[in-house]
Amino acid sequence: MKRPLAYITAAWCGSDHENTKLAAQYCRTVYEAGFSPICPTLYQPLFLNDAVPEEHKSGIDMGRDLLRRSHVLVVCGHTVTEAMKNDIAVAQRLGITATTLEGILTVKGQGCR
């Protein structure tokens, strides 16, 4: 069964380790709801140095390209950052549905966790 692509956005404001752990939890939940999660925060820190301006921009560009290929944008967490607002605006401009993690679970009949 082919799973629709779901781009994960959240307030990534902790350490790389904390962000990775949280991203993995979000991805697992989205996977269990029937989607193929896409979350650059899980892998980009492995090869990009966010402190280098060119690499920071490359990370943003790669993320936008992955968002364009996605079927849905999943907004996770209880805080909305400027980066998340940008993801939501891009999704809206491209006609990609944006919803919350709770919304995905409710639609799939799983309720909130």
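So, how was this worked out
Along each chain, numbering runs from 1 in the same order as the chain's sequence is written. For this predicted model, a pLDDT threshold of at least 70 governs which residues receive local features, and a threshold of 80 or more governs which side-chain atom pairs are given and counted, while totals over whole chains, interfaces and linings are taken from all residues. The basis for every side-chain value is the complete set of non-hydrogen atoms in the structure, without hydrogens or water. The residues that make up patches have over 30% relative accessible area and no salt bridge, and they are joined within 9 Å when like-charged or within 5 Å when they are Val, Leu, Ile, Met, Phe, Trp or Tyr. In short, Shrake-Rupley with a 1.4 Å probe defines the accessible areas, and a residue's cover is counted only from the protein chains shown. Any Lys or Arg side-chain nitrogen located within 4 Å of an Asp or Glu carboxyl oxygen qualifies as a salt bridge. Comment: elements are numbered from the N terminus, with helices defined as DSSP H or I runs of at least four residues and strands as E runs of at least two. Here's how the labels work: a residue is buried when its accessible area is under 20% of the maximum for its type, exposed when over 50%, partly exposed in between, all with a 1.4 Å probe on protein chains only. Disulfide: a pair of cysteine sulfur atoms within 2.5 Å of each other. What makes two residues a contact is simply this: any of their non-hydrogen atoms within 4.5 Å.

By the naming in an unreviewed UniProt entry, the protein goes by DUF7768 domain-containing protein and is assigned to Brotocaccenecus cirricatena.

1. Focus: a nonpolar patch on the surface
The grouping of Leu42, Tyr43, Leu46, Phe47 and Met62 at the surface amounts to a nonpolar patch, some 470 Å² of accessible area in total. Within the secondary structure layout, leucine 42 lies in helix α2 (residues 40-43). Take leucine 42: its relative accessible area is 30%, and that puts it in the partly exposed class.

2. Overview of the state of the cysteines
Evaluation of the coordinates by the stated rule reveals zero disulfides. Cysteine 13 forms no disulfide, and the closest cysteine sulfur to it belongs to cysteine 76, at a distance of 13 Å. With no disulfide of its own, cysteine 39 has cysteine 27 as its nearest cysteine by sulfur position, at a separation of 4.3 Å.

3. With respect to the environment of threonine 97
Within the fold, threonine 97 resides in strand β4 (residues 97-100). On a C-alpha basis, the gap between threonine 97 and leucine 73 in space is 6.2 Å, while along the polypeptide they are 24 residues apart. Discounting chain neighbours no more than four positions away, the residues touching threonine 97 are His71, Val72 and Leu73.

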